[in-house]
Amino acid sequence: MKILITNDDGVYAAGIRALAKAFCDEHEVFVVAPDSERSGASHSITLTTPLRVKQVELSDLPGVPTFAVNGTPVDCVKIACGNLGVTPDVVLSGINLGANLGSDVHYSGTVSAAMAAAAEGVPAIAGSVCASKPKNFAPVIQAIKAMIPAALEGACGVININAPDLPMEEVKGYRFTASSHQKYELAYVEREDPHRQKYYWVPAGKLTRCEPDEDTDERWVQEGYIAIVPLKLDLTDYACLQAWKEKKAE
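Residues numbered from 1 in each chain as written. Predicted model: local features only at pLDDT ≥ 70, side-chain atom pairs only at ≥ 80, totals over all residues. Heavy atoms only, no water.

Helix and strand content of the protein chain: six helices and eleven strands. Relative to the compact-globule value of 18 Å for 250 residues, the protein chain shows a C-alpha radius of gyration of 19 Å, a close match. Oriented by its inertia axes, the alpha-carbon framework of the protein chain measures out at about 60 × 55 × 45 Å. The long-range share in the protein chain, meaning contacts at least 24 apart out of those at least 6 apart in sequence, stands at 75%. Counting only carbon and sulfur atoms, one obtains 53% of the accessible surface of the protein chain, whose full area is about 13,400 Å². Positive and negative charge centroids in the protein chain, built from 23 and 32 side chains respectively, lie 4 Å apart. (Helix = DSSP H or I, 4+ residues; strand = E, 2+ residues; numbered from the N terminus. Rg over C-alpha atoms; globule rule 2.2 N^0.38 Å. Contact = heavy atoms within 4.5 Å. Areas by Shrake-Rupley, 256 points an atom, 1.4 Å probe, with all protein chains shown as cover. Lys, Arg positive; Asp, Glu negative; His and termini not counted. Charge placed at Lys NZ, Arg CZ, Asp CG, Glu CD.)

Spelled out as C-alpha cells, the structure:
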C-alpha cells in the first residue's frame, strides 16, 4: 500500500517521524510536510509567494522519500499528489502534538490536510495525541492502523482520531463519538515589547466545559479513551436548506 504522510508540526516533528516509522517497513511511505510548524493553518493555501520543495533525509527514516515544503499542510498534499507523482492509497496526517478535538478541527492544519486529500477522493485519517509534548505515540498509531480499512472503504470523509497521552496498557479502549464544542476567549492577549509597541497572542482561555455525560471526543479522551470521530466534507445545512425550499413553495 502507498501511504502519504503529512502534518502541520513540520517535517522534523517527533510525531510525523513516529508515524512514518510505524508504516515504512511494510508499506511504501512518502513524507511531504511543511518545512516548519504550521499549526492553525486550517485549509489555507499559499497564493502570493512561490512554493519551494526540498528533499531532505531523516536519519531515523533511511530510504523513505521525504520532502519539506515552505507552505501549508494543504499545499503539501496538493504538491505531493499533483507535482511529485505520489499516488497514495491513503493519506495519514499527524501525529499532531496536541489535541484536535471538537470544533478546533476548523483551525487544525493536521485535519485540513486530511480534508484536502479527501476532497481529491483519497481516503484520509488525522491522528493526534492530546499533549503538547507527548510521550506515548503507540495508542494513536494502533488506532490509525485499526481504522485504515474503514477509510479505504470510504466510510466517511475523514477519520479524526485523538488519543490520550498514556501508555497503551493504560488506555481504556475506543469510543466512536461526536465532536465537542470548543469556545475560547475572544480578545487576544495584549502585551508590550521593549520598544513599547503592542503585540498580541492568541487567547488560550476556554469558555466551554465538557459535561460528565457528554458523548463527545473531549469527554472520552479525558476519561482515558481514544476518541474516533467521522468528519464529512459537505458543510451544507440540509435542514435549513429544506426549510427555505418549503417556505418558498408556500
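This part is about helix 3 (residues 109-119). Summarising burial for helix 3: ten of the eleven residues are buried, a large majority. Every buried residue of helix 3 is accounted for by Gly109, Thr110, Val111, Ser112, Ala113, Ala114, Met115, Ala116, Ala117 and Ala118. Those residues of helix 3 that are buried are in contact with strand 1 (2-6), helix 2 (73-82), strand 5 (90-97), strand 6 (124-129), strand 7 (158-163) and strand 11 (226-231). Put simply, serine 108 is the residue that caps the front of helix 3, since its side-chain oxygen is 3.2 Å from the backbone nitrogen of threonine 110. Two residues or fewer after helix 3 comes glycine 121, characterised by a positive phi angle close to 85°. (Buried < 20%, exposed > 50% of the residue type's maximum accessible area, 1.4 Å probe, protein only. Polar contact = N/O pair within 3.5 Å; in protein donor to acceptor, adjacent residues only side chain to side chain.)

With that settled, the discussion passes to a nonpolar patch on the surface. A surface patch of nonpolar side chains, amounting to about 350 Å² of accessible area, comprises Tyr188, Tyr200 and Val202. Note on placement: tyrosine 188 falls in the loop between strand 8 (174-176) and strand 9 (189-192). (Patch = residues over 30% accessible without salt bridge, like charges linked within 9 Å, V, L, I, M, F, W, Y side chains within 5 Å. Salt bridge = Lys/Arg side-chain N within 4 Å of Asp/Glu carboxyl O.)

With that settled, consider unusual backbone geometry. Of note, the amide linkage connecting glycine 94 to isoleucine 95 takes the cis form, showing an omega dihedral of -5°. With respect to the helices and strands, isoleucine 95 occurs in strand 5.

In this section: the environment of histidine 195. Here histidine 195 lies in the loop between strand 9 and strand 10 (198-201). Exposure remark for histidine 195: the relative accessible area of 64% places this residue in the exposed category.

Ranked by internal contacts, the top residues of the largest apolar core, which has 36 residues, are Ile5, Leu92, Ile125, Ile144 and Ile161. Mapped by element, the contributors of at least two residues to this core are strand 1, helix 1 (14-23), strand 2 (28-34), strand 5, strand 6, helix 4 (138-152), strand 7 and strand 11. With eight residues, the top contributor of residues to this core is helix 4. Filtering out sequence-adjacent residues up to four positions away, leucine 92 remains in contact with Ile3, Leu4, Ile5, Thr6, Leu19, Phe23, Ile125 and Ile144. Within the second largest apolar cluster, 26 residues are counted, among which are Leu4, Ala113, Ala126 and Val158. (Core = buried A, V, L, I, M, F, W, Y, C linked by side-chain atoms within 4.5 Å.)

This next bit is on the environment of threonine 216. On the secondary structure map, threonine 216 appears in the loop between strand 10 and helix 5 (217-222). Distance in space between the C-alpha atoms of threonine 216 and glycine 102 is 7.9 Å, their sequence separation being 114 residues. Those residues within four positions of threonine 216 in sequence are excluded, and the remaining contacts are Thr177, Ala178, Ser179, Ser180 and Cys210.

Under the definition given, this model contains one aromatic pair. Both rings, one in tryptophan 220 and one in tyrosine 225, keep their centres 5.3 Å apart while their planes meet at 85°; by these two values the pair is edge-to-face. The class for tyrosine 225 is buried, based on a relative accessible area of 14%. The cationic tip of lysine 145 hangs over the ring face of phenylalanine 23; the distance from NZ or CZ to the ring centre is 5.5 Å. If you follow arginine 175 out to its NZ or CZ, it ends over the ring of tryptophan 220, 4.8 Å from the centre. (Phe/Tyr/Trp six-rings, centres within 6.5 Å; stacked < 30°, edge-to-face > 60°. Lys NZ or Arg CZ within 6 Å of the ring centre and 35° of its normal.)

Next up on the list: the sheet that holds strand 5. In space, the nine strands of this open sheet follow the order 3-4-2-1-5-6-7-11-8, with mixed pairing throughout. This sheet does not close on itself; its edge strands, each paired only once, are strand 3 (53-56) and strand 8. Each strand of the sheet is rotated relative to its neighbour by a mean of 20°, with strand direction disregarded. In the sheet, strand 2 pairs with strand 4 (residues 66-69) via four bridges, with the strands oriented parallel. Paired with valine 31 across the strands is threonine 66, a residue of strand 4. Of the strands in this sheet, strand 1, strand 2 and strand 5 are in contact with helix 1, which crosses strand 5 at around 140°. Docked against the sheet, helix 4 engages strand 5, strand 6, strand 7, strand 8 and strand 11, running at close to 165° with respect to strand 7. (Pairing = 2+ DSSP bridges. Axes fitted to C-alpha atoms, helices over the stretch in contact; angles between N-to-C directions.)

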